[in-house]
Amino acid sequence: MKQNQEQTSGYFFTFLAFLTWGLFPIYWKMLSHIPALEVLAHRIFWSLLFVILLLFWKKKLHLGDIFKNKKALSTLIVTGILIGSNWGIFIYAVNAGYIIEASLGYYITPLLNVGLGMLFLNERLNKIQFMALLLAAGAVLYLTIDFGRFPWISILLASTFAVYGLLKKLSGVEALPSLAIETLVLAPFALSYIIFKMSEGTGALFAESRTIDFLLIMAGVVTTMPLYWFGLGAKRISLTSVGFMQYIGPTIMLFLGIFMYHEGFPQEKQIAFSAIWVALALYSYSIVRDYRKRKESR
């Protein structure tokens with residue numbers, strides 16, 4: 001009974017995290033008149049404050065051990081730069097009208113994770129996974145040639161997030177403490193930029209409306225809470241289930257881009273997305289098949 005309740009709550013929290021990530025474009029669109037770099041600065045600074053408050057409330061504000069571990073600390077400095085870059089690119093993509101291209105990036109990410117696992121963790125790809133990887137690469141190449149423009153937003157989002165995930169796995173530090181260190185690394189630059197914009201008279205904070213002030217400050221909450229929910233959920237359900245649910249976010253983004261913000265979805269993108277979906281289907285099938293084999297061998 002207790003195990004079923006744990007599993008149910010796991011699905012709920014994991015779904016809530018991916019749902020929130022999928023709806024992110026709506027939030028950033030409300031701040032689209034503000035330069036992406038300024039929005040990013042607020043996201044970093046307020047995320048640091050909120051994650052510290054959350055860790056204090058949970059009585060887990062013990063960051064000293066991380067600072068003593070030079071390897072973990074240096075890894076988190078790099079992951080801080082990577083996640084900051086990812087956030088900035090995503091905010092720019094949403095506000096510049098490239099939500100569909102952003103969603104493509106997050107569809108590519110799990111396939112890129114497979115490639116990174118092969119290169120850096122000596123993980124072996126089976127034939128199905130290798131076919132999925134080749135199909136995804138072919139889709140990106142096709143989109144570049146036929147659409148006439150390299151999908152740099154998709155590739156940068158996918159690569160920064162995939163490398164970020166790889167390094168986080170190697171660091172061995174929990175999600176919230178690591179986010180505290182990552183935002184702490186970036187916070188001095190973020191705060192300096194916020195102060196500079198305010199002193200120049202061009203900053204958005206306390207200059208437009210209470211709604212804008214609220215949205216900028218709450219950027220820390222909407223950034224941190226999905227990570228917290230994901231951490232709660234992922235512990236309670238299988239990795240296979242998490243793998244399937246990660247497609248919720250980019251699917252919502254895709255629908256928002258097409259139906260809510262009326263971004264173009266021409267034939268070239270339709271074909272590329274179809275190829276990515278086939279690749280993901282193959283990848284998912286290989287995960288389920290391997291999971292069943294392991295279960296049967298126990």
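Our structure is the block above this text.
Student: Is there a simple way to explain the overall build of the protein chain in this structure?
Tutor: Looking only at helices and strands, the protein chain has 12 helices and zero strands in total. Listed N to C, the secondary structure of the protein chain is α-α-α-α-α-α-α-α-α-α-α-α in terms of helices and strands. Dimensions of the protein chain, computed from C-alpha atoms along their principal axes, come out at roughly 60 × 45 × 40 Å. Scored against the burial criterion, the 298 residues of the protein chain give a buried share of 48%. The contacts in the protein chain between residues at least 6 apart in sequence include a share of 85% that link residues at least 24 apart.

Student: Can you walk me through the packing of helix 2 (residues 36-57) against helix 9 (residues 210-234) in this structure?
Tutor: When two helices pack together, their arrangement is given by the angle between the helix axes and by the axis-to-axis distance. Closest axis-to-axis distance for the helix 2/helix 9 pair is 7 Å, and the angle between their directions is 55°. On the basis of their axis angle, the class for helix 2 and helix 9 is oblique. Where helix 2 crosses over helix 9, the two elements pack in a sense that is right-handed. Of the residues in helix 9, those touching helix 2 at His42, Arg43, Trp46, Ser47, Phe50, Val51, Leu54 and Trp57 are Leu216, Ile217, Ala219, Gly220, Val221, Thr223, Thr224, Met225 and Tyr228. Residues that form the contact of helix 2 with helix 9 fall into these classes: 11 nonpolar, five polar and one charged.

Student: Can you help me understand unusual backbone geometry in this one?
Tutor: Residues apart from glycine generally show negative phi values, whereas peptide bonds are mostly found in trans. Even without a glycine there, the phi angle at Lys59 is positive, about 60°. Mapped onto the fold, Lys59 is located in the loop between helix 2 and helix 3 (64-68). Backbone geometry at Phe206 places phi at a positive 60°, although glycine is not the residue there. Looking at the element boundaries, Phe206 is found in the loop between helix 8 (175-200) and helix 9.

Student: Would you mind showing me how to read the environment of Phe90 here?
Tutor: Tracing the backbone through its elements, the reader meets Phe90 in helix 4 (residues 70-95). For Phe90, a relative accessible area of 3% puts it in the buried group. The spatial distance from the C-alpha of Phe90 to the C-alpha of Ala102 is 6.7 Å, given a sequence separation of 12 residues. Beyond its immediate chain neighbours, meaning those up to four positions away, Phe90 contacts Phe24, Pro25, Trp28, Ala102, Tyr106, Leu157 and Met253.

Student: Is there a simple way to explain the nonpolar core in this structure?
Tutor: Most often, soluble globular proteins keep nonpolar side chains buried together rather than apart. Membership of the largest hydrophobic core comes to 55 residues, with the highest contact counts inside it found for Trp28, Leu31 and Phe90. Where this core is concerned, the elements lending two or more residues are helix 1 (2-29), helix 2, helix 4, helix 5 (99-120), helix 7 (152-171), helix 8 and helix 9. It is helix 4 that provides the largest number of residues to this core, a total of 11 residues. Not counting chain neighbours up to four residues away, the residues in contact with Trp28 comprise Val39, Arg43, Phe90, Ile91, Val94, Asn95 and Ala219. With 22 residues, the next largest nonpolar core counts Ala132, Ala139, Val140 and Tyr283 among its residues.

Student: Sorry, what's going on with helix 4 here?
Tutor: Since the α-helix turns once every 3.6 residues, residues separated by three or four places project in the same direction. Spanning 26 residues, helix 4 covers 38 Å between terminal C-alpha atoms, matching the ideal 38 Å at 1.5 Å per step. The opening residue of helix 4 is Asn69, an N-cap whose side-chain oxygen sits 3.3 Å from the backbone nitrogen of Lys71. Once helix 4 ends, the next one or two residues include Gly97, with phi positive near 90°.

Student: Even after reading the chapter, I still don't get helix 8, so can you show me in this structure?
Tutor: Along its 26 residues, helix 8 runs 36 Å from first to last C-alpha, staying within 8% of the 38 Å computed at 1.5 Å per residue. Residue Ala187 marks the point of greatest curvature in helix 8, where the axis turns by about 45°; the proline Pro188 follows within four residues. Looking one or two residues beyond helix 8, the residue adopting positive phi is Gly201, at roughly 85°.

Student: Can you help me understand the packing of aromatic side chains in this one?
Tutor: In total, this model carries 17 aromatic pairs according to the counting rule given. Ring geometry for Phe45 versus Trp46: centroids 5.0 Å apart, planes at 70°, classification edge-to-face. Relative accessible area serves as the criterion here: at 16%, Phe45 is assigned to the buried category. Chaining the aromatic ring pairs together yields one cluster made of Phe90, Tyr106, Phe161 and Tyr164. Directly above the aromatic system of Tyr261 lies the positively charged group of Lys29, at a separation of 5.1 Å from the ring centroid.

About the cut-offs
Residues numbered from 1 in each chain as written. Predicted model: local features only at pLDDT ≥ 70, side-chain atom pairs only at ≥ 80, totals over all residues. Heavy atoms only, no water. Helix = DSSP H or I, 4+ residues; strand = E, 2+ residues; numbered from the N terminus. Buried < 20%, exposed > 50% of the residue type's maximum accessible area, 1.4 Å probe, protein only. Contact = heavy atoms within 4.5 Å. Axes fitted to C-alpha atoms, helices over the stretch in contact; angles between N-to-C directions. Parallel < 35°, antiparallel > 145°, perpendicular 65-115°, else oblique. Left-handed = near helix turned anticlockwise from the far one by under 90°. Nonpolar A, V, L, I, M, F, W, Y, C, P; charged D, E, K, R; others polar. Core = buried A, V, L, I, M, F, W, Y, C linked by side-chain atoms within 4.5 Å. Expected span 1.5 Å × (residues − 1). Polar contact = N/O pair within 3.5 Å; in protein donor to acceptor, adjacent residues only side chain to side chain. Bend = angle between axes of the 7 residues up to and from the residue. Phe/Tyr/Trp six-rings, centres within 6.5 Å; stacked < 30°, edge-to-face > 60°. Lys NZ or Arg CZ within 6 Å of the ring centre and 35° of its normal.

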